[in-house]
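# Report on the structure
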Amino acid sequence: GKWPHHQLHRLNVPDHQVDPMRVGLRSLTSNSAPTRVNYGHRCSNAYSTCCATKPEVQPVETPSSDMLVDSFGRFHNYLRISLTERCNLRCQYCMPAEGVELTPKAELLSHDEIIRIANLFVTSGVDKIRLTGGEPTVRKDLEDICLHLSGLKGLKTIAMTTNGIVLSKKLPRLKECGLSALNISLDTLIPAKFEFMTRRKGHSKVMESIDTAIQLGYDPVKINCVIMRGMNDDEICDFVELTRHKPINVRFIEFMPFDGNVWNVKKLVPYAEILDKVRQHFKGVERLQDHPSDTAKNFKIDGHVGTISFITSMTEHFCAGCNRLRLLADGNFKVCLFGPSE
């Protein structure tokens with residue numbers, strides 16, 4: 001999913017809204033069997049992602065070690081690393097205008113700590129790492145981190161999720177350092193609306209970063225778009241149009257709650273409604289075969305070079321295929337994005 005922002009890795013979601021299944025992983029230094037952590041299962045909300053029963057888990061890879069296999073048999077081979085809590089935008093659904101209190105720099109993971117921990121996970125079977133934030137491009141040693149990660153034997157993919165504001169100038173060097181996949185967050189194609197939503201200027205810089213990524217051969221360039229009713233749901237077809245002639249994968253993300261973004265179920269535009277709108281305007285919308293661990297439902301459209309996807313976090317959970325782990329910028333560790341535990 002998207003969520004590169006400061007607050008979205010520490011959701012404080014009331015149980016009556018969202019209570020997905022959460023399971024514990026074996027400690028990296030423990031030889032004991034994995035233990036399920038039971039937080040209770042309530043499914044009272046119509047848009048809950050709750051799994052009240054044991055999921056139908058489909059093994060997606062053959063683990064090189066059982067250290068990262070949880071009590072439901074899911075092999076967690078995808079690690080997301082938050083490089084910073086800072087961000088150069090103030091998106092309304094993510095952060096208050098005045099910003100947030102940041103963890104002191106001395107308490108954040110250093111370059112060497114990030115590489116050491118990443119190496120421990122890779123030697124245990126992780127083969128994909130995504131760099132997130134905050135906004136990862138504000139970290140000064142980003143290129144060096146990518147370079148050292150690319151030297152880890154067994155790591156197949158180094159990805160990054162970014163808002164694209166300062167990406168264009170950094171991207172050629174980042175690609176040289178091993179950055180192999182890219183998600184760029186963009187919730188509107190209208191400059192004035194971008195400034196309203198993010199409380200900052202920079203729409204043209206994001207569009208420039210998308211074009212730079214395409215020129216450098218990233219295929220696809222993924223665009224993460226959070227759809228909010230009354231805000232940008234009128235731009236759905238405009239985003240789809242981006243995929244006609246360019247290798248872009250537009251990923252429509254259901255608006256998700258967290259403590260502070262004034263959660264209102266009326267802002268949620270369900271996946272089925274978005275897909276229906278797309279099908280009304282475009283012919284030949286066809287479902288693609290998804291990988292068992294995909295969080296996205298993927299579609300192609302006749303005559304389009306790119307594709308579209310839907311992240312249905314609220315209306316159709318994907319807990320059963322989840323293979324993600326999250327390392328926060330301060331060194332805390334999360335198994336589930338929705339879970340409060342670290």
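Residues numbered from 1 in each chain as written. Predicted model: local features only at pLDDT ≥ 70, side-chain atom pairs only at ≥ 80, totals over all residues. Heavy atoms only, no water.

## Description of unusual backbone geometry
The bulk of non-glycine residues show a negative phi, and the bulk of peptide bonds are trans. To keep it simple, the criterion reads: Every helix listed is a DSSP run of H or I at least four residues long, and every strand listed is a run of E at least two residues long, numbered separately from the N terminus.
The omega torsion across glycine 133 and glycine 134 is 20 degrees, close enough to zero to call that bond cis. The omega torsion of the bond from aspartate 219 to proline 220 falls at 5 degrees, within 30 degrees of zero and hence cis. Within the element layout of this structure, proline 220 appears in the loop between helix 5 (203-215) and strand 5 (221-227).

## Considering the packing of aromatic side chains
Aromatic ring pairs are described here by two measures, namely the spacing of the ring centres and the angle between the planes. Worth spelling out the cut-off: Stacked, tilted and edge-to-face are the three classes applied to pairs of Phe, Tyr and Trp rings, where Trp contributes its six-membered ring and a pair requires centres within 6.5 Å; stacked means planes under 30 degrees apart, edge-to-face means over 60, and tilted covers the rest. In this scheme, a residue with accessible area under 20% of its type's maximum is buried, one over 50% is exposed, and one in between is partly exposed, where area comes from a 1.4 Å probe on protein chains only. We count a charge as sitting over a ring when the NZ of a lysine or the CZ of an arginine lies within 6 Å of the ring centre and within 35 degrees of the ring normal.
Applying the stated criterion to the full structure yields 5 aromatic pairs. For the pair phenylalanine 252 and phenylalanine 310, a centre-to-centre distance of 5.7 Å together with 35 degrees between the ring planes defines the contact as tilted. On the criterion of sequence distance, the pair formed by phenylalanine 252 in strand 6 (residues 248-254) and phenylalanine 310 in strand 9 (residues 307-311) is long-range, its members being 58 residues apart. For phenylalanine 252, a relative accessible area of 1% gives the class buried. On the basis of relative accessible area, phenylalanine 310 is assigned to the buried category, the value being 1%. Three or more aromatic residues link up through ring pairs in this structure, and these residues are Phe239, Phe252, Tyr271, Phe299 and Phe310. Here the basic side chain of lysine 175 rests over the ring of tyrosine 218, its NZ or CZ set 5.3 Å away from the ring centre. Stacked on the ring of tyrosine 271, the Lys or Arg lysine 297 has its end atom at 5.5 Å from the ring centre.

## Quick look at the nonpolar core
Here is the rule we go by: Only buried residues count toward a nonpolar core. Its members are Ala, Val, Leu, Ile, Met, Phe, Trp, Tyr and Cys residues joined through side-chain atoms within 4.5 Å. Only heavy atoms enter the contact rule, under which two residues are in contact if any of them lie within 4.5 Å.
Residues Ile81, Ile129, Leu131, Leu149, Leu182, Phe252 and Ile308 are the most contacted members of the largest nonpolar core, which totals 63 residues. Here the element with the most residues in this core is helix 1 (residues 111-124); it accounts for 5 residues. Beyond its immediate stretch of four places on either side in the chain, phenylalanine 252 contacts Cys225, Ile227, Ile236, Phe239, Val240, Ile274, Ile308, Ser309, Phe310 and Ile311. Residues Val226, Ile253, Phe255 and Ile311 belong to the second largest nonpolar core, which totals 7 residues.

## Focus: the environment of glutamate 85
Relative to the helices and strands, glutamate 85 resides in the loop between strand 1 (78-82) and helix 1. Separated by 50 residues in sequence, glutamate 85 and glutamate 135 have C-alpha atoms that sit 7.3 Å apart.

## Observations regarding the sheet that holds strand 2 (residues 128-132)
Put simply, the test is: When DSSP locates at least two bridges between a pair of strands, those strands are taken to pair. Note on definitions: angles span 0 to 180 degrees between N-to-C directions of axes, and those axes are lines fitted to C-alpha atoms, for helices only across the stretch in contact.
Pairing is mixed across the open sheet formed by 11 strands, whose spatial order is 7-8-9-6-5-4-3-2-1-10-11. The open sheet is flanked by strand 7 (285-287) and strand 11 (333-334), the only strands paired with a single partner. As paired strands, strand 1 and strand 10 (residues 324-327) are joined by 4 bridges and run parallel to one another. In the strand pairing of strand 10, tyrosine 78 is matched with arginine 324. Sitting on the sheet, helix 7 (residues 271-281) is in contact with strand 5, strand 6, strand 7, strand 8 (296-301) and strand 9, with an inclination near 5 degrees to strand 8.

## Considering the pairing of strand 4 (residues 181-185)
Taken residue by residue, a regular strand's side chains alternate between the two faces of the sheet. We apply this condition: Orienting the strands away from the viewer, one traces the path from the first strand over the helix to the second; a clockwise path indicates a right-handed crossover.
Counted residue by residue, strand 4 has 4 buried out of 5 residues, so it is predominantly covered. Where the polypeptide runs from strand 3 (residues 157-162) across helix 3 (residues 167-176) and back to strand 4, its parallel neighbour, the crossover connection is right-handed.

## Section: the pattern of salt bridges
As a reminder of what qualifies: What makes a salt bridge here is a side-chain nitrogen of Lys or Arg within 4 Å of a carboxyl oxygen of Asp or Glu, nothing more.
A full pass over the atoms with the stated rule returns 12 salt bridges. The partner of aspartate 141 in a salt bridge is arginine 139, and the shortest N-O contact between them spans 2.6 Å. Residue arginine 139 is classed as buried on the basis of its relative accessible area of 12%. In this structure, the salt-bridge partner of arginine 244 is glutamate 241, at a minimum N-O distance of 2.4 Å. Within this structure, Lys193, Asp234 and Glu235 form a network of salt bridges that share partners.

## Re helix 1
Because each turn of an α-helix spans 3.6 residues, side chains separated by three or four positions in sequence point in the same direction. The condition that has to hold: One less than the residue count of a helix, multiplied by 1.5 Å, gives the span that helix is expected to have.
Under the 1.5 Å per step criterion, the end-to-end length of helix 1 is 20 Å for 14 residues, consistent within 8% with the ideal 20 Å. The set of residues buried in helix 1 consists of His111, Ile114, Ile115, Ala118, Phe121, Val122 and Ser124. On the buried face of helix 1, the contacting elements are strand 1, strand 2, helix 2 (142-149), strand 10 and strand 11. Directly beyond the C-terminal end of helix 1, a positive phi value near 130 degrees is found at glycine 125.

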